[in-house]
Amino acid sequence: MAMVTAKLALLVALLAASSYGALSSPELRDLWTRTERAVKAAAERFVDEDLTAPVIHPLRPRVGSAEPDPIGVPYDSWRLAVETGNIIDWETVPAHWLVDTRKYLIGGQYRQDSKVVVDEAVLYSSSFKLRGSNDTEKEKWVWLFDIDETVLSSLPYYAKHGFGTKKHNFTSFREYVLEGNSPPLLETRRLYDVVRSIGIKTVFLSTRKEELRNITESNLQNKGFSDWFKLLLKPNDCNGTALVYKSGERKKLQDAGYEIVGSIGDQWSDLIGQAEGKRLFKVPNPIYYIP
Ligand SMILES: [Mg+2]
């Protein structure tokens, strides 16, 4: 620590010695003085906040534990661990990552990451066009889509509520859903269009409750998801986990003779469990976790 401080102090001194004398105008000298002050303040913060430890051991703190305390872990590392299901059971995005989360979601990377997933899903689904299947076999193909954060976005809601850094408020989120104006996730809608054009049946499988059926239907239709083979919503009195509920619904489809050729969702609980599809596609969601 002392060595780092000394190096920073030396850096300030060298900069001052090499540059201050060359400044002629009062404005430039003032600018230099303010810059020097800012560097010194940063050096003091560097020491006060003990920022050296994460630089030396960036992955040491607690990644992979059930109760992640990710201070010191770079945001991208935390997000990767979340997306791959290595960090689970988290309630909120750590507050100090509010800015990183906002930047990820609205700065273009979120859309880009979704595009990569959907490009693969489109490539895979397109292979079904080439199959010499008879109509009977084709009739049994279904593709599962989750709804929230898979085909419809709650970003307008989370932008007003801390981008996942605040504990989930069921009342205010329900009010948002009841507006029926969640925007479409355009990459996944592209997949929906491709799947339909091939003749694969589309099934929406969501943990939204039955009481939200009407508003869900109109929201989907208003945002370009014009029709579907089935819209499966959770019974109002069902309180099981998403993983259990969705596994059960997939099993029913399978038992009825349908072949789940693909499945896409933003949570692992959308995808894994019983009767998983032939291919699973996970779109990003770094703002909440559903078991
Ligand atoms: Mg979802």
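Residues numbered from 1 in each chain as written. Predicted model: local features only at pLDDT ≥ 70, side-chain atom pairs only at ≥ 80, totals over all residues.

Caption draft 1: Representation of helix 5 (residues 98–106) within the structure. Among all positions in helix 5, only Thr101, Tyr104 and Leu105 are buried. Along the axis of helix 5, the buried positions cluster into a sector of 90°, meaning they face one direction only. Downstream of helix 5 by one or two residues, Gly108 has phi in the positive range, about 110°. (Buried ≥ 20, exposed ≤ 12 C-beta atoms within 10 Å, placed from the backbone. Helix = DSSP H or I, 4+ residues; strand = E, 2+ residues; numbered from the N terminus. Arc of directions from axis to C-beta.)

Caption draft 2: Region of interest: the confidence of the model for the chain. On average, the chain scores 84 in pLDDT, and the residues at 70 or more come to 75%. Overall, residues 1–23 carries pLDDT values under 50, and its contacts beyond four positions in sequence, including any with other chains, amount to 18 contacts. (pLDDT = per-residue confidence, 0-100. Contact = placed C-beta atoms within 7 Å.)

Caption draft 3: How the structure looks around the nonpolar core. Formed by 26 residues in total, the largest nonpolar core has its most connected members in Val142, Trp143, Leu144, Phe145 and Val151. Elements with a minimum of two residues in this core: helix 6 (109–130), strand 1 (141–145), helix 10 (186–198), strand 2 (201–209) and strand 4 (259–265). Looking at this core element by element, the count peaks at five residues for strand 1. Those residues in contact with Trp143 that lie beyond four places of it in its chain are Val195, Ile200, Thr202, Val203, Val261 and Gly262. (Core = buried A, V, L, I, M, F, W, Y, C linked by C-beta atoms within 7 Å.)

Caption draft 4: Quick peek at unusual backbone geometry. Unlike most non-glycine residues, Asp89 shows phi in positive territory, near 60°. The phi dihedral of Glu149 is positive, around 65°, even though this residue is not glycine. Position of Glu149 relative to the elements: it lies in the loop between strand 1 and helix 8 (155–160). Accessibility expressed as a C-beta count within 10 Å gives 24 for Glu149, which makes it buried.

Caption draft 5: Spotlight on the sheet that holds strand 5 (residues 280–282). The strand order across the open sheet formed by five strands is 3-2-1-4-5, and the pairing between neighbours is parallel. Strands at the two margins of the open sheet, each flanked by one partner only, are strand 3 (230–234) and strand 5. Looking at each pair of strands side by side, their axes are set apart by 20° on average, direction ignored. Alignment of strand 1 against strand 2, held across four bridges, turns out to be parallel. By the bridge assignment for strand 2, Trp143 is matched with Thr202. In the packing of helix 12 (residues 242–255) onto the sheet, the strands contacted are strand 1, strand 2, strand 3 and strand 4, and the crossing angle to strand 2 comes to about 150°. (Pairing = 2+ DSSP bridges. Axes fitted to C-alpha atoms, helices over the stretch in contact; angles between N-to-C directions.)

Caption draft 6: The arrangement of the environment of Gly262 in detail. Tracing the chain through its elements places Gly262 in strand 4. Judged by C-beta crowding, with 21 C-beta atoms within 10 Å, Gly262 ranks as buried. Residues Gly262 and Ile200 lie 62 residues apart in sequence; the distance between their C-alpha atoms is 9.7 Å.

Caption draft 7: Representation of the pairing of strand 1 in the model. With five of five residues buried, strand 1 is to be regarded as a mostly interior element. Burial along strand 1 is two-sided: the face carrying Trp141, Trp143 and Phe145 and the face carrying Val142 and Leu144 are both buried. As paired elements, strand 1 and strand 4 share five bridges and run parallel to each other. Bridge pairing in strand 4 links Val142 to Ile260.

Caption draft 8: Fine view of helix 11 (residues 213–222). Restricting attention to buried positions, one finds in helix 11 the residues Thr216, Asn219 and Leu220. Along the axis of helix 11, the buried positions cluster into a sector of 100°, meaning they face one direction only. Of the exposed residues in helix 11, those oriented more than 90 degrees away from the buried face are Asn214 and Ser218. Structurally, helix 11 contributes buried residues whose contacts are with strand 2 and strand 3.

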